Amino acid sequence: MRFRFLAVCFWIAFAAFFAWDWTHSEPVNVRAEPPLIAAGSGVAPSGGHCASTF
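These numbers come from a predicted model, not from an experiment.

1. With respect to the overall build of the protein chain
Argument step 1. Per the secondary structure count, the protein chain includes one helix and zero strands.
Argument step 2. Across the 54 residues of the protein chain, 0% fall into the buried class.
Argument step 3. Accessible area for the protein chain stands at about 5,800 Å²; split by element, carbon and sulfur atoms hold 69% of it.

2. What about a nonpolar patch on the surface?
Argument step 1. A cluster of nonpolar side chains, Phe10, Trp11 and Phe14, forms an exposed patch at the surface whose accessible area comes to about 370 Å².
Argument step 2. Inspection of the secondary structure puts Phe14 in helix α1 (residues 2-24).
Argument step 3. For Phe14, a relative accessible area of 43% puts it in the partly exposed group.

3. Here's the deal with the packing of aromatic side chains
Argument step 1. The full count for this structure, using the stated rule, is five aromatic pairs.
Argument step 2. Relative to Trp11, the ring of Phe10 has its centre 4.9 Å away and its plane inclined at 75 degrees; by these criteria the two rings are edge-to-face.
Argument step 3. By relative accessible area, Phe10 is classed as partly exposed at 48%.
Argument step 4. By relative accessible area, Trp11 is classed as exposed at 53%.
Argument step 5. Members of the aromatic cluster, joined through ring pairs, are Phe10, Trp11 and Phe14.

4. Brief notes about the environment of Thr23
Argument step 1. Looking at where Thr23 falls in the secondary structure, it is placed in helix α1.
Argument step 2. Thr23 gets classed as exposed once you look at its relative accessible area, which sits at 58%.
Argument step 3. In this structure the side chain of Thr23 is engaged in a polar contact, spanning 3.0 Å, whose partner is the backbone oxygen of Trp20.

What counts, and where the lines are drawn
Residues numbered from 1 in each chain as written. Predicted model: local features only at pLDDT ≥ 70, side-chain atom pairs only at ≥ 80, totals over all residues. Heavy atoms only, no water. Helix = DSSP H or I, 4+ residues; strand = E, 2+ residues; numbered from the N terminus. Buried < 20%, exposed > 50% of the residue type's maximum accessible area, 1.4 Å probe, protein only. Areas by Shrake-Rupley, 256 points an atom, 1.4 Å probe, with all protein chains shown as cover. Patch = residues over 30% accessible without salt bridge, like charges linked within 9 Å, V, L, I, M, F, W, Y side chains within 5 Å. Salt bridge = Lys/Arg side-chain N within 4 Å of Asp/Glu carboxyl O. Phe/Tyr/Trp six-rings, centres within 6.5 Å; stacked < 30°, edge-to-face > 60°. Polar contact = N/O pair within 3.5 Å; in protein donor to acceptor, adjacent residues only side chain to side chain.

Right under this line is the structure:
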């Protein structure tokens, strides 16, 4: 019985978070996103990342 209660609480919290995120986030502009085939073909990243090979 306790497991069922925790499962119901989890799904209620999950749905509440999803609803909150849906109402507070800006819509995604799919035309501003790069096409999937172009993933990773942009400018090489710069910065202080320790795994950087540049």
